[in-house]
Amino acid sequence: MSLLIVLAALAFLILVAYRGYSVILFAPIAALGAVLLTDPSLVAPMFTGLFMDRMVGFLKLYFPVFLLGAVFGKLIELSGFSRSIVGAAIRLFGPQRAMLSIVLVSGLLTYGGVSLFVVVFAVYPFAAEMFRQSNIPKRLIPATLAVGGFSFTMDALPGTPQIQNIIPTTFFGTDTWAAPVLGTLGGIFVLAVGMAYLEWRRRVALRNGEGYGDPATLVNEPTPFAGTHLAHAGIAVLPLLLVFVSNKLFTLGMPHWYGAEHSFIPSIMGSAAPVVQDVAKITAIWAVLGALLVGILSVLALAWRPVVTRFAEGTKAAIGGAVLAAMNTASEYGFGAVIAALPGFMVVANALGSIKDPLLHEAVTVTGLAGVTGSASGGMSIALAAMSETFIANAQAAGIPMEVLHRVAAMASGGMDSLPHNGAVITLLMVTGLTHRQAYKDIFAVTIIKTLAVFVVIGIHYATGWV
């Protein structure tokens, strides 16, 4: 019964998300409904002590990232930089390669350490403009961004600084460059199959005479450039490069500037306790925020005149979108925390332990829990915290290197995590102004490709012994 309760809560949330209802409202309803059926006395404690705690904790860390990412993306629109870069990309690759261009830009930013959510806000203006000029249906933008930002550069390619590639290091004693051959081959598989799928969908739409979309029904379209002169593409791409480089420099420099731990007294009066922060745990957030500020200031410096006239109204809309996106994702985070605390969740975790093969056991466990919680990092953290010792013992008995365990766990976390209730999926659809009904089918196809890639990598290792 406890298992059925967990599955029912998950199915309910997926259904309401797919039908377009707000997960800000229904995530706590689904989570607390499961608690009610499990132990009614825990409803209030679970709500305030776990759901709200995790939800607010997520906002505390990541809301500034959503906010500055949205503002940066909006300024890229208002400045005309998106149109300039799109024009140059179409001249370079041709209108038939619009999807590849967006995938490469998204992948470059993600591999450079820019948050997945920031990539959505920053790249969408380019994608919308390029798809419109190439007459590709807007409903394919989310899947294109998912291939570029949510797949091979998130967890497959060695060295990626995304959290999904960092979490396994603390459990297996590895580094982010673990299993470089397997990671590279897995990344190539996702990129090649993902692009083949997207191009097939584009050709089908072209044969059916489907264009970008009816302007009267499109939502959240980028603001048209109001100036008379577009900047050179080299100038227009400079803010993106500055975000990329600044993020890396801040990531390397902040631990040296602040040390391993930093504290300050929040008041000069009374006896306030010092505020202490673990710099290692917060460096990635500080670095992204600093890089986004550099990007915003660079856009203002390079395109002050076209931006300043519409700055107030444009950023107002961007901030509203950032608040909604952050709240959606935070609610999902709270839902995952509550579900993971229920007995039925342990039934799922324990049932997965019946798989005998070490790598298959790890892959299915991690991707399964990521799917239930709707979070790649959340599902992987839960799986490795509970079962990493078992994974390590089984792998050592089979002669499997820890680097392979790392890469399989990282790639598996990015498999079934992107179900309809996933916070990043909801944010992606909200930013692009599309619904699950319009665009999720293609996102799910990318999800299947990502999941399949994990088992391809496992097969390659068993067949060749490569790491």
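Residues numbered from 1 in each chain as written. Predicted model: local features only at pLDDT ≥ 70, side-chain atom pairs only at ≥ 80, totals over all residues. Heavy atoms only, no water.

Per an unreviewed UniProt entry, the chain goes by the name GntP family permease and belongs to Stenotrophomonas lactitubi.

With that out of the way, let us pick up the packing of aromatic side chains. The geometry of an aromatic ring pair is captured by two quantities: the separation of the ring centres and the angle between the planes. Summed over the entire model, instances satisfying the criterion amount to 11 aromatic pairs. Judged by centre distance (5.1 Å) and plane angle (55°), the rings of Tyr 258 and Trp 286 are tilted. Of this pair, Tyr 258 sits in helix 12 (residues 238–258) while Trp 286 sits in helix 13 (residues 279–302), and the two are 28 residues apart along the sequence. The partly exposed category is assigned to Tyr 258, whose relative accessible area is 36%. With 6.1 Å between their ring centres and 40° between their planes, Tyr 440 and Phe 444 make a pair best called tilted. Here Phe 444 and Tyr 440 lie together in helix 21 (residues 436–464), a separation of four residues that amounts to about one turn. In this structure Tyr 440 comes out as buried when scored by relative accessible area, which is 6%. With a relative accessible area of 32%, Phe 444 lands in the partly exposed category. Linked through ring pairs, Phe 58, Tyr 62, Phe 66 and Tyr 333 together constitute an aromatic cluster. (Phe/Tyr/Trp six-rings, centres within 6.5 Å; stacked < 30°, edge-to-face > 60°. Helix = DSSP H or I, 4+ residues; strand = E, 2+ residues; numbered from the N terminus. Buried < 20%, exposed > 50% of the residue type's maximum accessible area, 1.4 Å probe, protein only.)

Before going further, it helps to spend a moment on the UniProt feature "transmembrane region" (unreviewed entry) in the chain. On the UniProt side, "transmembrane region" (unreviewed entry) is annotated at positions that read residues 29–52, 59–78, 98–127, 177–198, 284–304, 333–352, 364–388 and 443–463 here. Secondary structure over residues 364–388 splits into 92% helix and 0% strand, and the C-alpha atoms at its two ends are 14 Å apart. (UniProt positions renumbered as here; feature names shortened; annotations may be inferred.)

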